[in-house]
Amino acid sequence: MTEIAAIFRNEQGKSLFTPSQLILLLRHLGKALALPLAGIVIFLMLWQGVANSIITSLGQFPGPVQVWEQSKSLVAEHQRERQKEVAFYQRQEDRNAKKLAKDPNADVKIRPYTGKATFFDQILTSLYTVSFGFLVASIIAIPLGIACGLSEKVYQSINPIIQTFKPVSPLAWLPLVTMLVSALYVSDDPMFEKSFLTSAFTVTLCCLWPTVINTTVGVTSIDRDLINVSRVLQLPSLVHVRTIVIPSAIPMIFTGLRLSLATGWMVLIAAEMLAQNPGLGKFIWDEFQNGSSESLGRIMVAVLAIGLIGFSLDRLMLAVQRRITWDKQAILR
Amino acid sequence: MKNSYLEISHVGIEFPTDDKPFRALQAVDISIDKGEFISLIGHSGCGKSTVLNIVAGLYEATEGGVILEGKEVDKPGPDRAVVFQNHALLPWLTVYQNVELAVKRVFKKTKSKAEMHDWIEHNLSLVHMDHALHKLPGEISGGMKQRVGIARCLAMQPKVLLMDEPFGALDALTRAHLQDSLMEIQTNLGNTVIMITHDVDEAVLLSDRIVMMTNGPAATVGEILEVKLARPRDRLALAEDAEFIHYRQQVLRFLYEKQKNPAAEKEAKTEAELPTKATLDSDTTAKSEAA
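The structure displayed is predicted, hence computed values, not measured ones.

**Comments concerning the overall build of chain B**
For step 1, the next point in the chain: Scanning chain B from N- to C-terminus turns up nine helices and 10 strands.
For step 2, the next point in the chain: With 291 residues in all, chain B has 51% of them scored as buried.
For step 3, the next point in the chain: Of the contacts formed within chain B by residues at least 6 apart in sequence, a portion of 71% connects residues at least 24 apart.
For step 4, the next point in the chain: Here chain B has roughly 13800 Å² of accessible surface; of this, 51% comes from carbon and sulfur atoms.

Written as structure tokens, this is what we have:
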């Protein structure tokens, strides 16, 4: 209790809450936390119970305890790998320094460390890939959606194409995207890995549609009166879009963006598994192929990580929406 | 035909529907002098708003036309500012910014930044809203929003001020306040105003002439009543004024005797049809948007 009270003290050491307020706050927190906590505890118990009774060819199905052990070991592996990397660079530097001391004109080679990508490296790769793909998709989809919403003609001409491509699993595109990237992205000093581009564009392909469709709906449902105001003021098209269309459509645009990001994240993992591109998907596939008694536990860690990251990405978008939207009172969920 | 300031000449309009075109207005003729305050009154669905929208240029008349200062109206423009029934303020802009948007469009070339700033504040003080310049529309009451809507239009210095049931969505007390404000502004500025209303007292209190419209479909001008009450008008004194009561009765008689039967029948029938007509209206605007 005293530790908690200490959190709510300001710099002068004065309590920000009176004791009775603190009790109220704790009660409030208790209410907000009690049910989710209860849910999680029951889930963990059921999981452990079921896991104990399933034996697979790779050993027992992992329960929460094994998963916890594996997550610790993944952290340890990551730290070991980092130490190795530091040591590698240290050795290289020492070697080069010696060479230069002997002969100042010596040809010094600096090689990058090529160790095994750890679980956390793979998470970063996946996050980077999904962000890139999602960003490209949004840059295309938002203007396209606005154009569709503003002009019936544009909508009529683009709608059949959107409706045809929307239900296609982006994984069906994967072979085509792979071949296209290999054929078109030819450069001696590539800025991006080909595998990265393949994964990212696959994400882009599935991130386009929800944003286009929701933006279109948002733009077509602008209040008639506001459009009339714009017509009476004879606002130029760009001003009209900036001051009336975009602010009106922001909630729907964000609905689209959140749907896009969620599907993008799901699809990326599958694409990485299928194409053996670096990322969390590859991590899972490698573990599966590895087939040790620890593999299932490690895969389960990855599954949970994917879920938590997906959840955080959605919260992140929500936070961005809160910052951007004009209606601070709007309830966003 | 004499050359008046604003000439609504033989205006008729048809809206396309699935079976046969719906004729909303037929041969509407009104001529308005500069500085005149005109009310359009009639039962709901009689096409009052349609007349206003044609003058605004938001709808295109099927036949006939509107001539303002010798020029035909063919599209919406800031010289015909519209006060909408539901204020139509942009909810993401503050009171000040809402007026600024209009002022910037109209005076960009003729006023300096400082002049525009003063002009915006001046117009907001005309409607007594200078205390809430930096509030969002969501943070002020309905009456205040409508005041800002009026200020936005006044700030455009339009040739004609078009008001579409400007006080219809407000409670009686707020409405009275706003009517008084409007009369005060009108005394000073002498704008040419067309106001739509279905409040008889409001029409008599504010107008120089009241245009009474017959029931639709194919609605047209029924009678025009000239209100020769002296200005400034005081609502309390007028409440017992014989002349005022006489004008009031004439309007009521038109609305409830001469136009009674179709109205009563229509009310019962069109309750169900009204929503379809509303979507039909917005469809036509959507189409003209696209074109």
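**Quick notes on the overall build of chain A**
For step 1, the next point in the chain: Broken down by element type, chain A carries 11 helices and two strands.
For step 2, the next point in the chain: Mapped in sequence order, the helices and strands of chain A form the string α-α-β-β-α-α-α-α-α-α-α-α-α.
For step 3, the next point in the chain: Taken over the C-alpha trace, chain A has a radius of gyration of 26 Å; the compact-globule value for 333 residues is 20 Å, which it surpasses by more than 25%.
For step 4, the next point in the chain: Dimensions of chain A, computed from C-alpha atoms along their principal axes, come out at roughly 80 × 65 × 55 Å.
For step 5, the next point in the chain: Counting only carbon and sulfur atoms, one obtains 67% of the accessible surface of chain A, whose full area is about 20000 Å².
For step 6, the next point in the chain: Here chain A contributes 30 positively and 23 negatively charged side chains, and the mean placements of these two sets differ by 5 Å.

**Concerning the side chain of Thr94(B)**
Residue and element names in this part refer to chain B.
For step 1, the next point in the chain: Mapped onto the elements of the fold, Thr 94 is located in the loop between strand 6 (80-83) and helix 2 (95-107).
For step 2, the next point in the chain: Assessed through its relative accessible area of 12%, Thr 94 is described here as buried.
For step 3, the next point in the chain: Thr 94 has contacts with Leu 133, His 134, Lys 135 and Leu 136, leaving out every residue within four places of it along the chain.

**Observations concerning the sheet that holds strand 2 (residues 22-32) of chain B**
All names here are of chain B.
For step 1, the next point in the chain: Pairing in this open sheet of four strands is antiparallel, and the strands run 2-1-4-5 from one edge to the other. Edge positions in the sheet fall to strand 2 and strand 5 (71-72), since each of these pairs with one other strand and no more.
For step 2, the next point in the chain: Sheet analysis places strand 4 (residues 63-68) next to strand 5, joined by two bridges and oriented antiparallel. Residue pairing across strands places Leu 68 opposite Lys 71, the latter belonging to strand 5.
For step 3, the next point in the chain: Each of strand 1 (6-15), strand 2 and strand 4 touches helix 1 (residues 48-56); the most contacted strand, strand 1, lies at about 115° to it.

**Some thoughts on the environment of Gln250(B)**
Residues and elements named next belong to chain B.
For step 1, the next point in the chain: Position of Gln 250 among the secondary structure elements: in helix 8 (residues 242-258).
For step 2, the next point in the chain: Overall, the relative accessible area of 31% leaves Gln 250 in the partly exposed class.
For step 3, the next point in the chain: Taking C-alpha positions, Gln 250 is 9.9 Å from Val 200, a pair spaced 50 residues apart along the chain.
For step 4, the next point in the chain: Residues within four places of Gln 250 in sequence aside, it is in contact with Met 212 and Leu 225.

**Considerations on the nonpolar core**
For step 1, the next point in the chain: Ranked by internal contacts, the top residues of the largest apolar core, which has 143 residues, are Phe119(A), Trp265(A), Leu124(B), Ile194(B), Val204(B), Ile210(B) and Val251(B).
For step 2, the next point in the chain: In terms of residues, this core owes the most to one element, helix 9 (residues 237-275) of chain A, which gives 12 residues.
For step 3, the next point in the chain: Those residues within four positions of Ile210(B) in sequence are excluded, and the remaining contacts are Ser39(B), Ile41(B), Ala203(B), Val204(B), Glu223(B), Ile224(B), Leu225(B), Val227(B) and Val251(B).
For step 4, the next point in the chain: With five residues, the next largest nonpolar core counts Val177(A), Val181(A), Phe196(A) and Leu197(A) among its residues.

**Quick look at helix 6 (residues 170-184) of chain A**
Residue pairs three or four apart in sequence face the same way in an α-helix, which turns once every 3.6 residues.
Residue and element names in this part refer to chain A.
For step 1, the next point in the chain: Spanning 15 residues, helix 6 covers 20 Å between terminal C-alpha atoms, matching the ideal 21 Å at 1.5 Å per step.
For step 2, the next point in the chain: Along its length, helix 6 reaches its greatest deviation from straightness, about 30°, at Leu 176.
For step 3, the next point in the chain: Buried within helix 6 are the following residues: Pro 170, Leu 174, Val 177 and Val 181.

**Digging into a nonpolar patch on the surface**
For step 1, the next point in the chain: Taken together, the side chains of Leu29(A), Leu33(A), Leu37(A), Ile40(A), Phe43(A) and Leu44(A) define a hydrophobic patch exposed on the protein surface, amounting to about 550 Å² of accessible area.
For step 2, the next point in the chain: Secondary-structure assignment places Leu29(A) in helix 2 (residues 19-52).

**Digging into the pattern of salt bridges**
For step 1, the next point in the chain: Applying the stated criterion across every chain, the model contains 21 salt bridges over all chains.
For step 2, the next point in the chain: Residue Asp286(A) pairs with Lys282(A) through a salt bridge whose shortest N-O separation is 3.5 Å. Residue Asp286(A) and its partner Lys282(A) are both found in helix 10 (residues 280-290); the two are separated by four residues, about one turn of the helix.
For step 3, the next point in the chain: A residue is classified by how much of its surface remains accessible, and Lys282(A), at 21% relative accessible area, is partly exposed.
For step 4, the next point in the chain: The partner of Arg248(B) in a salt bridge is Asp201(B), with the nearest N and O atoms 2.3 Å apart. Remark: Asp201(B) occurs in helix 6 (residues 200-206) and Arg248(B) occurs in helix 8; sequence separation between them is 47 residues.
For step 5, the next point in the chain: The network of salt bridges with common partners includes Glu77(A), Lys116(A), Glu287(A) and Arg298(A).

**Re the interface of chain B and chain A**
For step 1, the next point in the chain: If you look at the interface, chain B gives 28 residues, while chain A gives 18 residues.
For step 2, the next point in the chain: Summed over the shared surface of chain B and chain A, the result is five residue pairs in polar contact (both at pLDDT 80 or more).
For step 3, the next point in the chain: Of all the secondary structure elements, the ones that give two or more residues to the side of chain B that touches chain A are strand 6, helix 2 and helix 9 (260-290) of chain B.
For step 4, the next point in the chain: Counting residues per element, the side of chain B that touches chain A draws most heavily on helix 9 of chain B, at six residues.

**Examining empty space enclosed by the protein**
Think of a ball as big as a water molecule: rolled over the atoms, this probe shows where empty space is left.
For step 1, the next point in the chain: All told, the structure shown has one cavity of 30 Å³ or more when counted by the stated rule.
For step 2, the next point in the chain: Size it by volume and the largest cavity reaches roughly 60 Å³.
For step 3, the next point in the chain: Forming the walls of the largest cavity are Val229(A), Val232(A), Leu233(A), Val82(B), Phe84(B), Arg152(B), Cys153(B) and Met156(B).
For step 4, the next point in the chain: For the lining of the largest cavity, the secondary structure elements donating two or more residues are helix 8 (224-232) of chain A together with helix 4 (142-155) of chain B.
For step 5, the next point in the chain: Among the residues making up the lining of the largest cavity, the classes are represented as seven nonpolar, no polar and one charged.

**Thoughts on the packing of aromatic side chains**
All names here are of chain B.
For step 1, the next point in the chain: Counted according to the given criterion, the structure contains 15 aromatic pairs over all chains.
For step 2, the next point in the chain: Judged by centre distance (5.5 Å) and plane angle (80°), the rings of Phe 15 and Tyr 59 are edge-to-face. Placement of the pair is Phe 15 in strand 1 and Tyr 59 in the loop between helix 1 and strand 4, with a sequence separation of 44 residues. Residues Phe 15 and Tyr 59 agree in their burial class; the two are buried.

**Focus: the confidence of the model for chain B**
All names here are of chain B.
For step 1, the next point in the chain: Looking at chain B as a whole, the pLDDT averages 86, with 88% of positions reaching at least 70.
For step 2, the next point in the chain: Contacts of residues 271-291 to residues separated by more than four positions or lying in other chains number 20 contacts, the stretch itself having pLDDT below 50.
For step 3, the next point in the chain: Both confidence scores are given for the complex: pTM 0.81, ipTM 0.83.

What counts and how
Residues numbered from 1 in each chain as written. Chains lettered and ligands numbered in written order. Predicted model: local features only at pLDDT ≥ 70, side-chain atom pairs only at ≥ 80, totals over all residues. Heavy atoms only, no water. Helix = DSSP H or I, 4+ residues; strand = E, 2+ residues; numbered from the N terminus. Buried < 20%, exposed > 50% of the residue type's maximum accessible area, 1.4 Å probe, protein only. Contact = heavy atoms within 4.5 Å. Areas by Shrake-Rupley, 256 points an atom, 1.4 Å probe, with all protein chains shown as cover. Rg over C-alpha atoms; globule rule 2.2 N^0.38 Å. Lys, Arg positive; Asp, Glu negative; His and termini not counted. Charge placed at Lys NZ, Arg CZ, Asp CG, Glu CD. Pairing = 2+ DSSP bridges. Axes fitted to C-alpha atoms, helices over the stretch in contact; angles between N-to-C directions. Core = buried A, V, L, I, M, F, W, Y, C linked by side-chain atoms within 4.5 Å. Expected span 1.5 Å × (residues − 1). Bend = angle between axes of the 7 residues up to and from the residue. Patch = residues over 30% accessible without salt bridge, like charges linked within 9 Å, V, L, I, M, F, W, Y side chains within 5 Å. Salt bridge = Lys/Arg side-chain N within 4 Å of Asp/Glu carboxyl O. Polar contact = N/O pair within 3.5 Å; in protein donor to acceptor, adjacent residues only side chain to side chain. 1 Å grid on protein atoms, 1.4 Å probe; cavity = no way out; pocket = protein on both sides within 12 Å on 5 of 7 lines; lining within 4 Å. Points joined across faces, edges and corners; volume = space filled by probe spheres on them. Nonpolar A, V, L, I, M, F, W, Y, C, P; charged D, E, K, R; others polar. Phe/Tyr/Trp six-rings, centres within 6.5 Å; stacked < 30°, edge-to-face > 60°. pLDDT = per-residue confidence, 0-100.

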